[in-house]
Amino acid sequence: MNTENAGRRPNLLVIVVDDMGWSDLRAFGGEANTPVLDALTARGVRLTNFHTSPVCSTTRAMLMTGCDHHEVGLGCMVETMTPEQRGKPGYEGYLTDRALTIAERLRDSGYHTIMSGKWHMGVKEPYLSMPVDKGFERSFALVQGEHNHFGADQTPETAGHDGLSQYRLDGKSVRFPEGAYSSDYYADTLIGFIDDARDDARPLFAYLPFTAPHSPLQAPPALIEKYRGLYDDGPEAMRERRLARMRDMGLSVGNVTPAEIRGGQHWSELSPEQRQLESRKMEIYAAMIESMDSAVGLVLDALRKAGRLDNTEILFFSDNGPAGSLREATPGWREWIIEHADNRFDNLGKATSYVSMGPRWAQAQAAPFFLFKRYTSEGGVRTCGLACGPRIKARNETNAFLHVMDIAPTLLEFAGANNVTPAGKIPIRGVSAAGVLAGTRDEVHAADARIAWELGYSRGVRVGDWKALYLPKVAQGISPDIPVNRWLLFNIARDPGETSELSAAEPEKLQELIAAWDEYARETGVVVP
């Protein structure tokens, strides 16, 4: 910790990546070249027990408000809302005004608030909840959940599966410069906002939500080439190497029993052509992570030139676990990709291609945890995170349980800002992690705190050392041996890989957790589809 800045209000930088696995960063066991994030990790702390929602927009709603996503209009992603949910309170499909955002709170306490990147908290008129209306004084926003990373989806002829990509600059419709790369352009735009504030004495709150490495898998060709051949032995071998590196780094999860990789075909069962395709997808994915890391470095350089970096608290995390859906095999998506994408091998990773990761790579990326994005298992909601700054104690890791709802109160405490919620607004549910990050406290939450999840039939609840998990029938599309449509029980402290199911041995504990989840659902207005 640096005590020189103790009396000055810090700048705050929150960086979010999209669909990245727990072990994808080099600092967590991965292979991609990430010198910038490696350096931040060395000066800061890994957040090895950080949790989010199973998908992106619901996580972002909790990040922005410190409230549960069911309370603030995004009970689920609007793209997947069912007739039973539509029109119900909490299922408006956009970030409502029921809670103040962290940007509004910080702006009103004297911060200059800026963002550049993915918004995804209201995607269609008349329900466009935009950053300019939620406390950001300057903003460049991708409205929806994904886009072509090179901007090649902004005309009727080139529109993506879900339509034209939409962008807003300070609330006004703009085009993404075709040919630019997403991570570079988001960073460049945020740097422009930082430069524009050079004469503004207020501290900064900067929000940088990347779309990498979300599908489509696309990256600059020179970066892809750097990883040629690195993944030619498949996801099973990659996972074992990552687990070994976790042990070498002394991470607390390095010696846990890892979840089994389920479904699909083992690498040894694939043809040479299939292996070549699968290896290339992972090469592109790693290139996307390296590009994101370089973009973060440019933003840090801009803060340094502005004289702000030494007094900046930085939080970095992924919005959910890695994406295991294989769009190329999904009805609707499959036909669109066949008609519109050029997926010849030599074109993969370019603007006219469209490929996604699939379940076996995603489970390896989530190592050592179970499953991936969409599910309330640890692989879906436990994501890599790190923190660095003058008020943060540098050390290898903190394994304290943290939730994305805890970020808003943490930032407010760092900023010395008012955490009081005005009448008529929903109060913050999260708990400040400032003490844990500073090294003055061991835990953020009380030992008996209830933390719960729900999204699209998938449910989870955690109290103390125990977690109950309910997986929907769709999980058997990954593998028919995954138990679905019933509650499962795990001692999550001893078994974070969720490998030893204990409901038969501990029926009373399971009923206790189910009752806790029912209470959560009543409190937050969950509508089970």
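Residues numbered from 1 in each chain as written. Predicted model: local features only at pLDDT ≥ 70, side-chain atom pairs only at ≥ 80, totals over all residues. Heavy atoms only, no water.

Asker: Hey, could you go over the side chain of arginine 327 for me, with residue numbers and the actual values?
Answerer: With respect to the helices, strands and loops of the structure, arginine 327 is situated in the loop between strand S9 (312–318) and helix H8 (333–340). Taking the relative accessible area as the measure of exposure, arginine 327 reaches 16% and is therefore buried. Sequence-distant contacts of arginine 327, that is, excluding residues within four places in its chain, are made with Glu146, His214, Ser215, Trp333, Arg334, Ile337, Tyr354 and Ser356. (Helix = DSSP H or I, 4+ residues; strand = E, 2+ residues; numbered from the N terminus. Buried < 20%, exposed > 50% of the residue type's maximum accessible area, 1.4 Å probe, protein only. Contact = heavy atoms within 4.5 Å.)

Asker: Could you give an account of the pairing of strand S16 (residues 466–470), naming the residues involved and the relevant values?
Answerer: With five of five residues buried, S16 lies mostly within the body of the structure. The alternating pattern of S16 places Trp466, Ala468 and Tyr470 and Lys467 and Leu469 on opposite faces, both of which are buried. Here strand S15 (residues 458–463) folds back onto S16 in antiparallel fashion, the turn holding two residues, of which glycine 464 has a positive phi close to 60°. Bridge count between S16 and strand S17 (residues 487–491): five bridges; the pairing is antiparallel. Counterpart to lysine 467 in the pairing with S17 is phenylalanine 490. (Pairing = 2+ DSSP bridges.)

Asker: Can you break down the sheet that holds strand S3 (residues 50–51) residue by residue, with the values?
Answerer: Read from one edge of the open sheet, three strands run S10-S3-S13, paired in mixed fashion. Whereas interior strands pair on both sides, the edge strands pair on one side only; in this sheet they are strand S10 (382–383) and strand S13 (402–403). By the bridge criterion, two bridges tie S3 to S13 in an arrangement that is parallel. Each bridged residue has a counterpart across the sheet, and for histidine 51 the counterpart in S13 is histidine 403.

Asker: Break down the environment of proline 83 for me, with residues and values.
Answerer: Following the sequence through the fold, proline 83 ends up in the loop between helix H2 (56–65) and helix H3 (102–108). On the accessibility criterion, proline 83 (71% relative accessible area) is exposed. Distance from proline 83 to serine 271, taken between C-alpha atoms, is 43 Å for residues 188 residues apart in sequence.

Asker: Would you mind going over the sheet that holds strand S8 (residues 204–209) in detail, with residue names and values included?
Answerer: Taken in spatial order, the ten strands of this open sheet run S7-S6-S5-S4-S8-S1-S9-S11-S2-S12, and their pairing is mixed. Edge strands, defined here as strands with exactly one partner in the open sheet, are strand S7 (172–174) and strand S12 (397–398). Of the strand pairs in this sheet, strand S6 (residues 167–169) and S7 are connected by three bridges, and their pairing is antiparallel. Looking at the pairing, tyrosine 167 lines up with valine 174 of S7. The sheet strands contacting H2 are strand S1 (11–17), strand S4 (112–118), S8 and S9, and the helix crosses S8 at an angle near 175°. Across the sheet, helix H4 (residues 182–196) touches S1, S4, strand S5 (138–142), S6 and S8, and the angle it forms with S4 is around 170°. (Axes fitted to C-alpha atoms, helices over the stretch in contact; angles between N-to-C directions.)

Asker: Please provide a residue-by-residue account of the packing of aromatic side chains, values included.
Answerer: For the structure on display, the rule yields 21 aromatic pairs. Both rings, one in tyrosine 167 and one in phenylalanine 176, keep their centres 5.4 Å apart while their planes meet at 35°; by these two values the pair is tilted. Looking at tyrosine 167, the relative accessible area reads 0%, which means it is buried. Aromatic rings pair up to connect Phe140, Tyr167, Phe176, Tyr185 and Tyr186 into one cluster. In this structure, arginine 459 is placed above the aromatic ring of tryptophan 517, and the distance from its NZ or CZ to the ring centre is 5.4 Å. The lysine or arginine in question, lysine 467, covers the ring of tryptophan 453, its NZ or CZ lying 5.3 Å from the ring centre. (Phe/Tyr/Trp six-rings, centres within 6.5 Å; stacked < 30°, edge-to-face > 60°. Lys NZ or Arg CZ within 6 Å of the ring centre and 35° of its normal.)

Asker: Account for unusual backbone geometry, with residues named and values stated.
Answerer: In this structure, proline 213 follows alanine 212 across a cis peptide bond, with omega equal to 0°. By the element assignment, proline 213 lies in the loop between S8 and helix H5 (221–226). If you check the backbone angles, asparagine 485 has positive phi at about 60° while not being a glycine. Relative to the assigned elements, asparagine 485 resides in the loop between S16 and S17. At glutamate 498, a residue that is not glycine, the phi angle is positive and equals roughly 50°. As for its position among the elements, glutamate 498 is in the loop between S17 and helix H13 (507–524). On the basis of relative accessible area, glutamate 498 is assigned to the buried category, the value being 5%.

Asker: I'd like a description of the packing of helix H1 (residues 35–43) against helix H7 (residues 272–305), backed by residues and values.
Answerer: The N-to-C vectors of H1 and H7 enclose an angle of 65°; their axes lie 7 Å apart at closest approach. Within the contact between the two elements, H1 uses Pro35, Val36, Leu37 and Leu40 and H7 uses Met292, Asp293, Val296, Gly297 and Leu300. For the contact of H1 with H7, a count of residues per class yields seven nonpolar, one polar and one charged. (Nonpolar A, V, L, I, M, F, W, Y, C, P; charged D, E, K, R; others polar.)

Asker: Provide a residue-level description of the packing of H4 against H7, including the pertinent values.
Answerer: Running from amino to carboxyl end, H4 crosses H7 at an angle of 10°, the nearest separation of the two axes being 9 Å. Between H4 and H7, the angle falls in the class roughly parallel. Of the residues in H7, those in contact with Ser183, Asp184, Ala187, Asp188, Leu190, Ile191 and Ile194 of H4 are Ser291, Met292, Ala295, Leu298, Val299, Ala302 and Leu303. (Parallel < 35°, antiparallel > 145°, perpendicular 65-115°, else oblique.)

Asker: Talk me through the pattern of salt bridges; I want residue IDs and the actual numbers.
Answerer: The tally for this structure, following the rule as stated, stands at 36 salt bridges. Arginine 138 is paired through a salt bridge with aspartate 170; the nearest N and O atoms lie 2.9 Å apart. Taken as a pair, arginine 138 in strand S5 and aspartate 170 in the loop between S6 and S7 lie far apart in primary sequence, 32 residues in all. Aspartate 170 gets classed as partly exposed once you look at its relative accessible area, which sits at 27%. Two residues, aspartate 233 and arginine 241, come together in a salt bridge whose shortest N-O distance is 2.6 Å. (Salt bridge = Lys/Arg side-chain N within 4 Å of Asp/Glu carboxyl O.)

Asker: How would you explain the side chain of threonine 48 if you had to name every residue and give the values?
Answerer: Within the secondary structure layout, threonine 48 lies in the loop between strand S2 (45–47) and S3. A polar contact is formed between the side chain of threonine 48 and the side chain of glutamate 397, at a distance of 2.5 Å. For threonine 48, the contacting residues outside a window of four places in its chain are Trp22, Phe28, Ser252, Arg382, Glu397, Thr398 and Asn399. (Polar contact = N/O pair within 3.5 Å; in protein donor to acceptor, adjacent residues only side chain to side chain.)

Asker: Explain the environment of serine 165 residue by residue, including any values.
Answerer: You can see serine 165 is positioned in the loop between S5 and S6. A residue is classified by how much of its surface remains accessible, and serine 165, at 9% relative accessible area, is buried. Taking C-alpha positions, serine 165 is 25 Å from leucine 223, a pair spaced 58 residues apart along the chain. A distance of 2.9 Å separates the side chain of serine 165 from the side chain of glutamine 144, its partner in a polar contact. Looking at serine 165, its side chain comes within polar contact range of the side chain of aspartate 153, at 2.6 Å.

By themselves, these observations are geometric and do not establish any function.
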